[in-house]
Structure formats: structure tokens, C-alpha cells
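Per-entry structural report
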Amino acid sequence: TSNKMWGGRFAAGPDAIMEAINASIGFDKRMAAQDIAGSRAHAAMLAATGIITDSDAEAIREGLLTILSEIEGGTFEFSTALEDIHMNVEARLKEVIGEPAGRLHTGRSRNDQVATDFKLWVRDQLDAFEGGLVALIQALLGQAEAGADWVMPGFTHLQTAQPVTWGHHMMAYVEMLGRDLSRVRDARARMNESPLGAAALAGTSFPIDREMTAQALGFDRPAANSLDAVADRDFALEFLSCASICAMHLSRFAEELVIWSSAQFRFVTLSDRFSTGSSIMPQKKNPDAAELIRAKVGRIFGANTALMLVMKGLPLTYSKDMQEDKEQVFDAADNLMIALAAMEGMVRDMTGNRAELAAAAGSGFSTATDLADWLVRVLGLPFRDAHHITGTLVGMAEKQGCDLPDLTLAQMQSVHADINESVFDVLGVENSVNSRMSYGGTAPAQVRAQIERWKGLLA
Ligand code: ARG
């Protein structure tokens, strides 16, 4: 016939440009294993319901296994003329087993087939995403445990704000990634309904058993509306939005590592294994992995936007527009996974520079809030007055080029006569962090409690 796939209706084959714009095999071959799993489940169900014979189902099963090993072995010849992974596998099945191959597509359409394959693929990615998050959280817990009481500056506006602990800072990312984890688990639970058996859009007149195929493929249940089942790409969008938010988190941490590893900060030393050199400047050790992770959110959120715009305004049910879903998701998934793995490696390998962190923690008048709180607590001043007095003392120290604890008692008393020696107790950074015992605060005891809570959650 003049057309490899639907010669019955067509007298002429497609223009080369038509074939080029239409073919998805170049990328959807990544779903080969899912396509074969879906077809095996479908064929087994067709036999169990008496729609095809057991011997045809057995031939199909064996043929599909042969094809799977050809694909895994790299000997399978993909054809652009056959458009996509579904037609490529089916055409090869015909070559391998002959006539029974033509019975596989009974009660099925490429519309429910592609939705099923893609869901299975995205579901695998959600599982990998979860694994990557857990591994990174564990690496952060290791850092938090090692430095639960290391003092460092906490920032707002990237200006020194109050002393915090290294462990507390690490645990902030554990919380963020923990929300990512819960989003991934939610998305996985919600998406786990089988589109298979929705057929083209309306269901089928064959007595199929959708429960059976759903179960065989690890779905919780069949999707309840055939129109929705073939038109839905929410699962891909949810994956991309979970991935975007996580990539944004990774980007923020990456930015901190870039700053912290600079000669000006020296808060952290990245390992050689996760750094690069310069071809001209011999002294350089660049945080390239962190920079690339910082950038990944661009393409991942780009994919989210792209797919949202592909889906927007599409009438029910399937339209070919939807073939544009896969490359976005594939690219986002690949980049998310490498970013998670690289971040995990960097975090495991990095060394927090305790002395540099402590020195920075005490600079920039970081205990000014402790001083103001002392004026309230010990002298009974209203907080606004205490704020003003402390501001005056900071100005005085700044003029002298010293830090708050370097001011003499006499100098302090010149601003407020009732200030006494005990004020110096609260100007030290250790005391400052130890005092922040409110739930979720930076005190090492609080940080250790949170580390234990997370260990319990992950166990
Ligand atoms: N390659 C197509 C896709 O990725 C498969 C579904 C084709 N269905 C159809 N009715 N043309 O979306």
C-alpha cells in the first residue's frame, strides 16, 4: 500500500515534511518499556475475557518480549515512517509473530495507549524523584548533625541579621525538600489511575476488564471517565510543577554555596570532586556544579510553562498538540535528577569552615537584637526605646571600627545610665544562639530535636 499504517483509507503516502513534523519516534522511544508493559497487560486481559484466544495472547506475549530485548540490546530499527513508539512496536510484532499481532489493538487506541505509557513513565520518575530527595535530605541531616552547634551569621537581605547555627541552616533545606517530598507523594497517589481501556475516547464495545489491566500495571484503579482519561495530562503538569518548586529550592541552596565558597566568605570548602579548575588561573576552584544547579530551574520551569501552554485551550479529547508533552517532561526529568544527585554529592563532600563561620557570626553587630532584648528584660524598657538605644550603640561602635562587645561599660552607660556588666553576657554569639530555645528556633538543642524528628520520619 501507499501508506505503511493506514493504506486502506489513503491513496498517497505523506509528504516528507508531513512525516518530519508528525514523527515522535525520535523521543518517544524512551517509553518503549512502558509501551510493551501496557501491551502485555492488554493482551493478557483480551485473552482472559475471551476477546482473543490464549494462543494468540501467548504469541503476542512472546513477540513483545523479543522486541523488548531487541530494543534493550540496541538492535531494534526505529522507523520515522511509523511515526511513534506504538506503531513501531506493533509493526515489528507483525514481522515477528505474523497474524496474531493484528489482534493486539482490539478495544484499544493509541490515545489510551500513549496516556498509559506516559503515565507509567512519569510514575517511574516520581519514584526516582522521591529517592533523590530522600538521599539529599539524608546528606543534609549528616551536615546538620556535625554542625548542630556551629555558629554562623543568619541573613536577611543578605545582610548580617542574627547568629544562627549551621545545623539550623541545613535543616531549613530539609524542611523545604521535605515539602517537595510530600508534594511528590501526593502527585503520585493522585495520578495512579489507569487510562487503558478508554480506547479512542468513548470506551469500547468489547467486554474488556479495565480493573485487570489497571492492576497488572500497578494502578490503583481505572480512570472513571474515558474522555478525561485520554485528554488528561495533569499528571505530567504536576510532575513538572513539583520539579519546578524543587529546582527552585536547589537553586537557592546552590546560590548560597556559590557565595559561601568564595574567598570573601570562606564559609564552606567544596570538595575537589565537585569543583572545577580554570584553564588560565591556576588558583581557581570553581563551584560549577552549584552554578549549573542554580540554572536548572530555568529549563525545568520552562517545561512547566511550555506544557501548560500546550494544554491550554485544547478541546476534549486528544489532539496531536499533546504529542508535544513528552520532550518537555523528558528534559525536565533528566535535569532534575542530575541536579538532585549533584547536590547530594556536593553536600556530602563539603566542609563547613567552623572558624570562619564563627568569626563571621560575631561580626556585623549580629547580637544587636540580643542587646535590645536585654534592655527590655533586665531594665524593663519598652522594646521601641530599647531598639533606639541599641541603634545608638551600634552607631558608636561603627564609628570606632569595633564590634558591640568591644564597647566599654562606660561608653554604654553614656547612652543609658542603668546598663551594667551583665549586658556583656548576651553579646556573645554562643549565648545568643543558645537562648533561642523557642520551638523551631536556632538553639542547638532545638536543632538536634528536629534532626531526630526527621530521622524518625524517614525511617
Ligand atoms: N505519538 C502520539 C503522541 O505522542 C501517540 C498518540 C497518537 N494518537 C493519535 N490519535 N494520533 O501523542
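Residues numbered from 1 in each chain as written. Predicted model: local features only at pLDDT ≥ 70, side-chain atom pairs only at ≥ 80, totals over all residues. Heavy atoms only, no water.

1. Structural notes on the pairing of strand S2 (residues 159-165)
The two faces of a sheet get side chains in turn, since along a regular strand they alternate between them. As paired strands, strand S1 (residues 151-156) and S2 are joined by six bridges and run antiparallel to one another. In the sheet register, methionine 152 faces S2, and the bridge partner there is valine 164. (Pairing = 2+ DSSP bridges. Helix = DSSP H or I, 4+ residues; strand = E, 2+ residues; numbered from the N terminus.)

2. So, helix H4 (residues 54-73)
Taking 1.5 Å as the rise per residue, H4 with 20 residues should run 28 Å; its terminal C-alpha atoms sit 28 Å apart, in good agreement. Within H4, the full set of buried residues consists of Asp56, Ala57, Ile60, Gly63, Leu64, Ile67, Leu68, Glu70 and Ile71. Taken down its axis, H4 places every buried residue within 160° of arc, on the same side. Every exposed residue of H4 that faces more than 90 degrees away from the buried side is listed here: Asp54, Ser55, Glu72 and Gly73. Glycine 74 lies just past H4 and shows a positive phi near 80°. (Expected span 1.5 Å × (residues − 1). Buried < 20%, exposed > 50% of the residue type's maximum accessible area, 1.4 Å probe, protein only. Arc of directions from axis to C-beta.)

3. A closer look at unusual backbone geometry
Threonine 317 follows leucine 316 through a cis peptide bond whose omega is 5°. Here threonine 317 is to be found in the loop between helix H11 (288-311) and helix H12 (325-349). Positive phi, normally seen in glycine, also occurs at glutamate 83, with a value near 65°. Mapped onto the secondary structure, glutamate 83 falls in the loop between H4 and helix H5 (85-97). Overall, the relative accessible area of 7% leaves glutamate 83 in the buried class. Notably, phenylalanine 365 is not glycine yet its phi reads approximately 55°, a positive angle. Considering the arrangement of structural elements, one finds phenylalanine 365 in the loop between helix H13 (354-362) and helix H14 (368-379).

4. Looking at the packing of aromatic side chains
For the structure on display, the rule yields twelve aromatic pairs. The interplanar angle of 40° and the centroid separation of 5.7 Å between the aromatic rings of tryptophan 166 and tryptophan 260 together place this pair among those described as tilted. In this pair, tryptophan 166 is assigned in helix H7 (residues 166-191) and tryptophan 260 in helix H10 (residues 234-260), connecting sequence segments 94 residues apart. Each of the two residues, tryptophan 166 as well as tryptophan 260, counts as buried. (Phe/Tyr/Trp six-rings, centres within 6.5 Å; stacked < 30°, edge-to-face > 60°.)

5. Re the environment of asparagine 434
Mapped onto the elements, asparagine 434 comes out in helix H18 (residues 429-435). The exposure class assigned to asparagine 434 is partly exposed, which follows from its relative accessible area of 41%. Measuring from C-alpha to C-alpha, the distance between asparagine 434 and cysteine 402 comes to 24 Å, with 32 residues separating the pair along the chain. Sequence-distant contacts of asparagine 434, defined by excluding residues within four places in its chain, comprise Ala443 and Pro444. (Contact = heavy atoms within 4.5 Å.)

6. Points about helix H15 (residues 383-400)
With 18 residues, H15 extends 26 Å from end C-alpha to end C-alpha; this agrees with the ideal 26 Å at 1.5 Å per step. Among the residues of H15, Ala386, Ile389, Thr390, Leu393, Val394 and Ala397 are the ones counted as buried. What you see down the axis of H15 is that its buried residues fit within an arc of 145°, all on one side. Set apart from the buried face of H15 by more than 90 degrees, the exposed residues are Arg384, His388, Glu398 and Lys399. Tucked into the core, H15 has its buried residues touching H14 and helix H16 (409-413). At the exit of H15 stands glycine 401, carrying a positive phi of roughly 70°.

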